[in-house]
Amino acid sequence: DYQRSYPKKSFSNSGYTRAYHDHQAHFLHMGQKAHDEQWEAMGPLNTSGRTLTVAINPLADSTIYAGSASGGLWRSRRLGLVQSWEYVNTGFPVLGVSTIEFNPLDSMVMYIGTGEVYNYEATGTDGAYRSTRGSYGIGILKSIDGGITWEKSLDWSYRQQHGVWMVKVAPTDVNVVYAATTDGIYKSLDAGSNWTQVNSTIMGTDIEIDPRDPNKVLASFGNFGSEGNGIYYTEDGGETWNSSLADFGHNGKILLARSPSRPDIVYASVGNGFGFDDGATTLLRSDDGGKAWEVMNESDYSKWQGWFSHDIAVNPNDPSKLVAVGIEVWKGRNNGRTLEQKNVGGVTLTTPPIEGPDGSDNYVHSDIHFVTYHPRIRDLVIFGTDGGVFLSRDEAETFRSANGGYQTTQFYNGFSVSATNSDLALGGLQDNSTAIFRGTGTWQRAVGGDGSWTGINQANDDILYGSSQNLRISRSNDNGVRFNVRVSPEPGANDSPLFISPYVVARSSPDIMYAGTRYVYKSEDGGLSWTITNDNEFIDSGNAVFALAVNDLDPSVVYAATVPENTIGGVFVSLDGGLSWTGNKAGLPNRVPNDIAIVSDDPSMAFVTYSGFGTAHLFVTEDYGANWTPYDTGLPDAPGNAIAIDAQEGYIYFGNDISVYTARFRNDNGSGLVENPEWSLYATSLPPAAIIMDLTISESDRKLWAATHGNGSYRADLITEPVSVSETQLAQIEIYPNPTNTLINISGKMDSWQLYDIAGKLQLTGRGTQVNVEHLASGSYFLQMTIGGRSRTEQIIVTN
């Protein structure tokens, strides 16, 4: 994972586990102050995220489990229909669940494999480079009470860059269990108590056990051209292995499917492509248990996702029939020689009901990772996709979603909330577009395939911005009914945006926008036209901008953080609306930055988060970026992703790959920075581990939103201190006359006051009880008065 490992190719295998244990010890088990906040799950409940696997309880036909890519384990007792999904808390920091397996004789016994790892020792939520998307693994967990409690089976707590792609229990001896992992094939002879590596070929992707003999096993390996890729078989329980498919010429994953009615018949789906021009999928069949293979079809159903999403399933009663999936669903006849596409894919830009269906009866969300026939309900086929779980009751002729309440969407950074309407928020989702919250769990899907950063014109909620990958920005002028105005910057010379690229809308002057690629672009007309700042030069030697922020009160103050590519990245600041930029990399780590937050009433103070392990993850400046110092002492050593600043109460909120934390950053009198903040947990009702991708404050109802990468969104009340003497004094102040063309009188003593124009630019400042506006132009202004660190702002009308 570039984002979490840079500047190395990989990070410490124990990093995430150590961080989680530190989180438990200091914020859960030792009684350190934790705020009694209650997070409310906000959805989307009608849109679900990437699903890697689905398992059917062998003794309960309607009970299914789903393994999400970074949102943990889920269960439905109604085939996913209605609003029947519930989160299964394992008690461990489980993010990606890649495989679920039951003991076929006792459904109380089940195993889950963890981690979503497509590259050997490279995983993460990387918004910059999509080939390293995924999540940490902790090995294999086992439950013997139907998922109520869990214990470690294959303990990879300190090998979290490795993933488990498949676990299989031998039908004739349930004590024999095999696992296909990124580190090879593992075997247990005592139902998962102990494991032995029986094949060291890396990137194991699938495994099939002969239902008549637990010593006969077929395994597949490979992705991104990894060494040893192909298909191998053993007939002695893994003592020796033989290659049955090698040097096939494909570089992607290989998935296997054995015929339930004729076990010697096995199919293999061999993928390739990563780019749009190198796709290739081959469907193979073996009639001798996987020793020899014949090409059945070369229809490219996995296309550019041969490294990521494809699979096959064989009809339980007829081995000549199958379902192959990739970008779409394909139905196979005649031993796979005939493949027919049966659905339309993509992302439906609608507002489906929570109980579904999500689209027409020929729609299945694109990028299908998993497919299986129900072993007992005839013609029922179940799919795991980038848009959650789908069903077909007529063997892949018609389809419907089954996602009600399955809150597993993966937000990226750039979440937005209206300053005046608490029922309006929007954020970008992995492969599920830009989603809009309108007061309920039923969110609207609006823009793009992969949603990206968003924006709101805070003076006019009708003007919304959404985007898709590589900085393709669209604008709506009708509150999101249509996003029909394309407002992306035209790329400058040698420019190439990152997969998820940032842009921001100035709060105080919302026609002003900034966007980051290799350049920083500026618009002064709501995105209709753009110019390149910094005199048409890169701000950091061609390093791409990955985080961006503009001051709430002064739109000429902008901070931009760059990823380290050509040189070490850094944070750059402009105080003149982008005309010039300064940057000081000293004091900042050689890591990937994720988020920036500027203190609204003191733009010289800002915070930036960094990914990786082994360095600080939160830094602060008090001098416009001239100097940076760490600000996360006492927090777990986990990648930092998100910051929100509540200047009114003086609190900072920080989100990482584990949870949300908070601390007071201002002294009690409201002036100066708290040098050694006392951090406390602010996530007691969130999942045990959640990747907090963005934190955003809703001003109208004083709520904090947490946008996660795998568990959708949540919100909770901000910390509110008891009313202080200064707040009482502020409330009693009167301002007169208003409107005026001479003097404004303030009926009370201030620590200080500042007068801003409507664009947020400071016009006057002082400490007395009168403000002389005789020389100012007619118009609206804002008078901000401060006592004891508390502020009150009133609109002033000047009539000169």
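Preceding block: the structure.
Because the structure is a prediction, the values reported are computed rather than measured.

K.L.:
Account for the overall build of the chain, naming residues and giving values.
P.N.:
A tally of regular secondary structure across the chain gives 4 helices and 63 strands. For the chain, the C-alpha radius of gyration of 28 Å lies close to 28 Å, the compact-globule estimate for 800 residues. Across the 800 residues in the chain, those meeting the buried criterion constitute 65%. With the model as given, the accessible surface of the chain reaches about 27,100 Å², and the carbon-plus-sulfur share is 46%. Treating the 54 positive side-chain charges of the chain as one cloud and the 90 negative ones as another, the clouds have centres 5 Å apart.

K.L.:
Describe the side chain of Ser143, and please don't skip the residues or the numbers.
P.N.:
With respect to the helices and strands, Ser143 occurs in strand β8 (residues 139-143). A polar atom in the side chain of Ser143 sits 2.9 Å from the side chain of Asp145. From its side chain, Ser143 meets the backbone oxygen of Thr149 in a polar contact 2.9 Å long. Leave out the neighbours within four places in its chain, and Ser143 touches Met108, Val109, Met110, Ile148, Thr149 and Trp150.

K.L.:
Quick one: what's the story with the pairing of strand β19 (residues 266-270), residue by residue and with numbers?
P.N.:
In terms of burial, β19 is largely enclosed, as 5 of its 5 residues are buried. Residues Val266, Ala268 and Val270 of β19 are buried on one face, and the alternating residues Tyr267 and Ser269, pointing to the opposite face, are buried as well. Of the strand pairs in this sheet, strand β18 (residues 254-258) and β19 are connected by 5 bridges, and their pairing is antiparallel. From the neighbouring strand, Ala257 faces β19, where its bridge partner is Tyr267.

K.L.:
Give a description of the side chain of Asp554 that names residues and reports values.
P.N.:
As for its placement among the helices and strands, Asp554 is situated in the loop between β42 (545-550) and β43 (558-562). Summary of buried charges: Asp554 has no salt-bridge partner, and the nearest side chain of opposite charge, Lys761, is 6.0 Å away. Within the structure, the side chain of Asp554 is placed 2.6 Å from the side chain of Ser556, a separation counted as a polar contact. The contact partners of Asp554, leaving out residues within four places of it in the chain, are Ser508 and Gly760.

K.L.:
Tell me about the sheet that holds strand β47 (residues 606-610), and name the residues and values.
P.N.:
Ordered by their spatial adjacency, 4 strands build an open sheet running β46-β47-β48-β49, and the pairing between neighbours is antiparallel. Lying at the two open borders of the sheet, with one neighbouring strand each, are β46 (593-598) and β49 (629-630). Note that β47 and strand β48 (residues 618-621) share 4 bridges and pair antiparallel. Along β48, the bridge assignment pairs Val608 with Phe619.

K.L.:
Break down the nonpolar core for me, with residues and values.
P.N.:
Trp39, Phe607 and Trp679 are the most contacted members of the largest nonpolar core, which totals 81 residues. In terms of nonpolar packing, the next biggest core, distinct from the first, is built from 18 residues, Ile733, Leu764, Val771 and Ile796 among them.

K.L.:
Give me the sheet that holds strand β15 (residues 217-221): which residues, what numbers.
P.N.:
In spatial order, the strands read β14-β15-β16-β17; together these 4 strands make up an open sheet with antiparallel pairing. Two strands close off the open sheet at either side, each with one partner strand: β14 (204-209) and β17 (242-246). Direction aside, neighbouring strands of the sheet carry axes that sit 20° apart on average.

K.L.:
Residues and numbers for unusual backbone geometry, please.
P.N.:
A cis geometry characterises the amide bond from Gly43 onward to Pro44, with omega recorded as 5°. Assignment of secondary structure puts Pro44 in the loop between β1 (40-43) and β2 (51-56). The omega torsion of the bond from Tyr736 to Pro737 falls at -15°, within 30 degrees of zero and hence cis. Checked against the element boundaries, Pro737 lands in the loop between β57 (735-736) and β58 (743-746). With a phi angle near 60°, Asn335 is a residue other than glycine that sits in the positive phi range. Mapped onto the secondary structure, Asn335 falls in the loop between β24 (329-333) and β25 (338-341). On the basis of relative accessibility, which here comes to 19%, the residue Asn335 falls in the buried class. Positive phi, close to 70°, is recorded for Ala396, a residue that is not glycine. Mapped onto the elements of the fold, Ala396 is located in the loop between β28 (388-392) and β29 (400-401).

K.L.:
Please provide a residue-by-residue account of the environment of Gln444, values included.
P.N.:
Note that Gln444 resides in strand β33 (residues 444-447). Not counting the four nearest positions on each side in its chain, Gln444 is found in contact with Thr350, Thr351, Thr434, Ala435, Ile436, Arg438 and Gly480. Polar side-chain contacts of Gln444 include one of 2.9 Å to the side chain of Arg438. Within the structure, the side chain of Gln444 is placed 2.8 Å from the backbone oxygen of Gly480, a separation counted as a polar contact.

K.L.:
Go over the pattern of salt bridges, please, and point to the residues and values.
P.N.:
Evaluation of the coordinates by the stated rule reveals 30 salt bridges. One salt bridge connects Arg212 with Asp210, and the closest N-O pair in it is separated by 2.9 Å. When its relative accessible area of 7% is taken as the criterion, Asp210 is described as buried. Its salt-bridge partner being Glu397, residue Lys331 comes within 2.9 Å of it at the nearest N-O pair. On the criterion of sequence distance, the pair formed by Lys331 in strand β24 and Glu397 in the loop between β28 and β29 is long-range, its members being 66 residues apart. When salt bridges with common partners are traced through the structure, they connect Lys331, Glu340, Lys342 and Glu397 into a single cluster.

K.L.:
Please provide a residue-by-residue account of the environment of Leu79, values included.
P.N.:
As for its placement among the helices and strands, Leu79 is situated in the loop between β4 (73-76) and β5 (85-88). Residue classification places Leu79 among the buried residues on the basis of a relative accessible area of 5%. Distance from Leu79 to Asp61, taken between C-alpha atoms, is 8.3 Å for residues 18 residues apart in sequence.

K.L.:
Run through the packing of aromatic side chains, naming residues and quoting values.
P.N.:
Two aromatic rings are characterised by how far apart their centres lie and by the angle between their planes. Under the counting rule described, the total for this entry stands at 33 aromatic pairs. An angle of 75° between the planes, with centres 6.3 Å apart, marks the rings of Trp443 and Trp705 as edge-to-face. With Trp443 in the loop between β32 (434-437) and β33 and Trp705 in strand β55 (residues 703-708), this pair connects stretches of sequence that are 262 residues apart. Considered together, Trp443 and Trp705 belong to a single accessibility category, that of buried residues. The structure contains a cluster of three or more aromatic residues connected by ring pairs, namely Tyr118, Trp165, Phe224, Phe274, Trp307 and Phe308. For Arg159, the ring lying beneath its charged end belongs to Trp156, and the centroid distance is 5.0 Å. The ring of Trp165 carries Lys253 above its face, with NZ or CZ at 5.2 Å from the centroid.

K.L.:
Which residues make up helix α2 (residues 15-27), and what values do they have?
P.N.:
For α2, built from 13 residues, the straight-helix expectation of 18 Å at 1.5 Å per residue is met to within 8% by its first-to-last C-alpha distance of 18 Å. Burial in α2 covers these residues: Gly15, Tyr16, Thr17, Ala19, Tyr20, His23, Gln24 and Phe27. Tucked into the core, α2 has its buried residues touching β52 (660-664) and β53 (680-681).

Thresholds, definitions, all that
Residues numbered from 1 in each chain as written. Predicted model: local features only at pLDDT ≥ 70, side-chain atom pairs only at ≥ 80, totals over all residues. Heavy atoms only, no water. Helix = DSSP H or I, 4+ residues; strand = E, 2+ residues; numbered from the N terminus. Rg over C-alpha atoms; globule rule 2.2 N^0.38 Å. Buried < 20%, exposed > 50% of the residue type's maximum accessible area, 1.4 Å probe, protein only. Areas by Shrake-Rupley, 256 points an atom, 1.4 Å probe, with all protein chains shown as cover. Lys, Arg positive; Asp, Glu negative; His and termini not counted. Charge placed at Lys NZ, Arg CZ, Asp CG, Glu CD. Polar contact = N/O pair within 3.5 Å; in protein donor to acceptor, adjacent residues only side chain to side chain. Contact = heavy atoms within 4.5 Å. Pairing = 2+ DSSP bridges. Salt bridge = Lys/Arg side-chain N within 4 Å of Asp/Glu carboxyl O. Core = buried A, V, L, I, M, F, W, Y, C linked by side-chain atoms within 4.5 Å. Axes fitted to C-alpha atoms, helices over the stretch in contact; angles between N-to-C directions. Phe/Tyr/Trp six-rings, centres within 6.5 Å; stacked < 30°, edge-to-face > 60°. Lys NZ or Arg CZ within 6 Å of the ring centre and 35° of its normal. Expected span 1.5 Å × (residues − 1).

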